[in-house]
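# Structural description and commentary
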Amino acid sequence: MDMPPPLSQDAPAGASPLHWIDDQAAAMREELLRLSNLNSGSFNAAGVDACGARMLELFAPLGASAERIAVAPYRYTDDRGDWRERPLGQAVRLRLRPDAPLRVFLCGHLDTVFGAEHPFQTARPMGDDRLNGPGVADLKGGLLTMLLALSALERSPQRERIGWEVLFNPDEEIGSQGSAPLLAEAARRNHFGLVYEPAYSDGGLASERKGSGNFDIVVRGRAAHAGRNPEDGRNAIAAAAALAGELHGINGRREGLTLNVGYVHGGGPLNIVPERCVLKFNVRTSRHEDEQWLLDTVGRMVEQAGRQDGYALELRGGFTRPPKPVSAGTARLQQLLGACGTSLGLQLQFRPTGGCCDGNNLAAQGLANVDNLGVVGGEIHSDREWMRVSSLAERAKLSAALLLKLASGELTWS
Ligand SMILES: [Zn+2]
């Protein structure tokens, strides 16, 4: 792979850190094209690690302590209803001045939703101010936003007041189960969090986020010949289908709670009564208390279905990310960022979303955070994914302005 050296830290004497960011824009655009072309689908552990290695190179000039950390493998239910594991790439953690009076946590994921086999593998300029490519917005543009913001801070003589911790995690797109302990650990020892998911396509930022849970139901019936003795069979697909209808009926019963039956697998040859069926669904909640309601409701449905003669059902999974309300701390951080935006001529708008991300994990541990400080982009998770090139410097300056003003005492965090 042809990888140029990391960013030069040279700049004319007296250049302000924010102007320095503008000077890096062209190099960062090229770096983003390279990062996008480097496949790092969540299950492409080698690709995720290559992306992590490049981050280590790019961040090396900042002088932080760096470590690569193995995370637990991804655990899932296969099509036969058996537990399986898949290995993941490593997380990368950087820390600088961990004893500083104000400690900031910054994070972004190395993985994308596009696996090594996916046809969408290459980045290209779109002819306007945009790039199209896998992960250009979600979240590789954000990784470079973070790099520029921290590089700007490190160019300031007042940097000593701020300590920072960076986490690049390998598994956000599959729910951050492996990196959840690292997020929780960071949440406990920092004052607030900055997460580099992409901003909305109009430049807006997320305020509250829904919570999310993934569940599997394994339905076991009994196989039999479909012509000779179908009465001896117990059709697992039929039982799963009835259950899918009931689960779908949960929609509309609690405000803000939605349930999506997203996967069903069962059966084989048509002359066999199918003995197994696996059904998977996702739930979104806007209130923490709805989680228990959902668990009770689904638990009763599964128990009921399992009482039918000859059937056995198993419910797996749970809520992994609770809803993220706007806490007092998060409101304060939004306010500070809003002020920094204004100083840069940006009018930041915060609005709620049903999507969730590592910001939910941090909020669950009580860490105030704003979680889409990355580049402006859209149509993420599709082969039309794009990012606005000029937003890389724009958003880096937003984060840098916050860090620099906190370092100088112009803004305070309390
Ligand atoms: Zn993302």
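Residues numbered from 1 in each chain as written. Predicted model: local features only at pLDDT ≥ 70, side-chain atom pairs only at ≥ 80, totals over all residues. Heavy atoms only, no water.

## Observations concerning the coordination of the zinc ion
Going by this rule: Because no water is among the atoms considered, metal sites can look incomplete, with donors defined as N, O and S atoms within 2.8 Å of the metal, or 3.2 Å for Na, K and Ca. Between 85 and 135 degrees for all angles marks four donors as tetrahedral; over 155 degrees for opposite donors together with 65 to 115 for all other angles marks four donors as square planar and six as octahedral; every other arrangement is irregular. Here's how the labels work: a residue is buried when its accessible area is under 20% of the maximum for its type, exposed when over 50%, partly exposed in between, all with a 1.4 Å probe on protein chains only.
Protein ligation of the zinc ion involves H109 (NE2), D138 (OD), E197 (OE) and E197 (OE), the donor distances falling in the range 1.8 to 2.7 Å. Classification of the site at the zinc ion as irregular follows from its 4 donor atoms and the range of 52 to 141° in their angles at the metal. For D138, a relative accessible area of 4% translates into the label buried.

## Observations concerning the domain arrangement of the protein
In plain terms, the rule: Delimitation of the domains relies on an automatic or database domain assignment. Only heavy atoms matter for contacts: two residues are in contact if any of them lie within 4.5 Å across the pair. A simple way to read buried area is as the amount of 1.4 Å-probe accessible surface that goes missing from two parts once joined, with both sides added. Salt bridges are defined as contacts in which a side-chain nitrogen from Lys or Arg sits within 4 Å of a carboxyl oxygen from Asp or Glu. Definition of a polar contact: a pair of N or O atoms within 3.5 Å, with one able to donate and the other able to accept a hydrogen when the atoms are protein atoms, and with sequence-neighbouring residues admitted only if both atoms are side-chain atoms. Here the nonpolar group is Ala, Val, Leu, Ile, Met, Phe, Trp, Tyr, Cys and Pro; Asp, Glu, Lys and Arg are the charged ones; every other residue, Gly included, is treated as polar.
For the protein, the domain assignment lists domain 1 (17–209 + 324–408) and domain 2 (211–320). Taking only C-alpha atoms, the centre of domain 1 and the centre of domain 2 are 36 Å apart. Taken together, the contacts link 12 residues of domain 1 with 12 residues of domain 2. Between domain 1 and domain 2, the buried area comes to about 1,100 Å², and carbon and sulfur atoms account for 40% of it. The largest contributions to the domain 1 side of the interface with domain 2 come from T77, D79 and R80, which together make up 47% of the buried area. Connecting domain 1 to domain 2 are 0 salt bridges. Where domain 1 touches domain 2, the interface holds 8 residue pairs in polar contact (both at pLDDT 80 or more). Split by residue class, the side of domain 1 that touches domain 2 holds 2 nonpolar, 5 polar and 5 charged.

## Here we look at the side chain of S40
To be explicit about the condition: Secondary structure counts use DSSP, requiring at least four H or I residues in a row for a helix and at least two E residues in a row for a strand, with both numbered from the N terminus.
Position of S40 among the secondary structure elements: in the loop between α2 (25–37) and α3 (45–59). A residue is classified by how much of its surface remains accessible, and S40, at 1% relative accessible area, is buried. Polar contacts involving the side chain of S40 include one to the main-chain carbonyl oxygen of L110, which spans 2.7 Å. The contact partners of S40, leaving out residues within four places of it in the chain, are G47, V48, C51, L110, D111, T112 and K140.

## Structural notes on the sheet that holds strand β4 (residues 91–96)
The following threshold applies: Note on pairing: DSSP must find at least two bridges between two strands before they are called paired.
Ordered by their spatial adjacency, 6 strands build an open sheet running β1-β4-β8-β5-β9-β16, and the pairing between neighbours is mixed. Edge strands, defined here as strands with exactly one partner in the open sheet, are β1 (65–69) and β16 (369–370).

## Here's the deal with the pairing of strand β8 (residues 162–169)
Summarising burial for β8: 8 of the 8 residues are buried, a large majority. Side chains I162, W164, V166 and F168 of β8 all project onto a buried face; the interleaved residues G163, E165, L167 and N169 project onto the opposite face, where all are buried too. Here β4 pairs with β8 via 5 bridges, running antiparallel. Within the sheet, the bridge partner assigned to V92 lies in β8 and is F168. Two elements, strand β5 (residues 102–109) and β8, share 8 bridges in a ladder whose sense is parallel. Bridge assignment links H109 to a residue of β8, and that residue is N169.

## Focus on the side chain of E291
Heads up, the rule is: Under this rule, positive means Lys or Arg and negative means Asp or Glu; His and the chain ends count for nothing.
Following the sequence through the fold, E291 ends up in helix α7 (residues 290–306). Within the buried set, E291 has no salt-bridge partner at all; the shortest N-O distance to an opposite charge, 11 Å, is to R287. Beyond its immediate chain neighbours, meaning those up to four positions away, E291 contacts T285, F319, P322 and P323.

## Let's talk about helix α10 (residues 390–408)
Filter applied, for reference: To estimate how far a helix should extend, the number of its residues minus one is multiplied by 1.5 Å.
Across its 19 residues, α10 extends 27 Å between first and last C-alpha, which sits within 8% of the 27 Å expected from 1.5 Å per residue. Here α10 lies mainly inside the structure; 17 of its 19 residues are buried. Directly beyond the C-terminal end of α10, a positive phi value near 90° is found at G409.

## Brief notes about the sheet that holds strand β17 (residues 377–378)
To be explicit about the condition: In this description, a line fitted to the C-alpha atoms serves as the axis of each element, helices being fitted only across the stretch in contact, and the angle between N-to-C directions of two axes falls anywhere from 0 to 180 degrees.
Strands sit in the order β6-β7-β18-β17 across an open sheet of 4 strands; the sheet is antiparallel. Two strands in the sheet have a free side with no partner beyond their single neighbour: β6 (124–125) and β17. Sheet analysis places strand β7 (residues 130–132) next to strand β18 (residues 386–388), joined by 3 bridges and oriented antiparallel. Residue pairing for β18: N132 is matched across the bridge by W386. Packing of helix α4 (residues 136–154) onto the sheet brings it into contact with β7, β17 and β18, and relative to β18 it is tilted by some 40°.

## Looking at the pattern of salt bridges
Applying the stated criterion across every chain, the model contains 31 salt bridges. In this structure, R189 engages E185 in a salt bridge whose closest nitrogen and oxygen atoms are separated by 3.2 Å. Remark: E185 and R189 occur in helix α5 (residues 180–189); sequence separation between them is 4 residues, near one turn of the helix. Residue E303 is joined to R307 by a salt bridge in which the shortest nitrogen-to-oxygen separation is 2.9 Å. Relative accessible area serves as the criterion here: at 47%, E303 is assigned to the partly exposed category.

## Quick notes on the nonpolar core
As a reminder of what qualifies: Only buried residues count toward a nonpolar core. Its members are Ala, Val, Leu, Ile, Met, Phe, Trp, Tyr and Cys residues joined through side-chain atoms within 4.5 Å.
If you look at the biggest cluster of nonpolar residues, it comprises 69 residues, and the most contacted ones within it are F59, F168, F192, L194 and L402. In terms of residues, this core owes the most to one element, α4, which gives 12 residues. Dropping the residues within four chain positions of it, F59 is found in contact with L94, L143, M146, L147, L150 and F168. Grouped together as the second largest cluster of nonpolar side chains are 25 residues, V219, A236, M301 and L313 included.

## Some details on the packing of helix α6 (residues 236–248) against α7
Let me state the cut-off plainly: Throughout, the term roughly parallel applies to angles under 35 degrees, roughly antiparallel to angles over 145, roughly perpendicular to angles from 65 to 115, and oblique to all others. For a crossing to be left-handed, the near helix must be turned anticlockwise from the far one by less than a right angle; the clockwise case is right-handed.
Contact geometry of α6 with α7 gives a least axis separation of 11 Å together with a crossing angle of 160°. Between α6 and α7, the angle falls in the class roughly antiparallel. Seen along the crossing, α6 lies across α7 with a hand that is right-handed. Of the residues in α7, those touching α6 at L243, E246 and L247 are V298, M301, V302 and A305. In terms of residue class, the contact of α6 with α7 is made up of 6 nonpolar, no polar and 1 charged.

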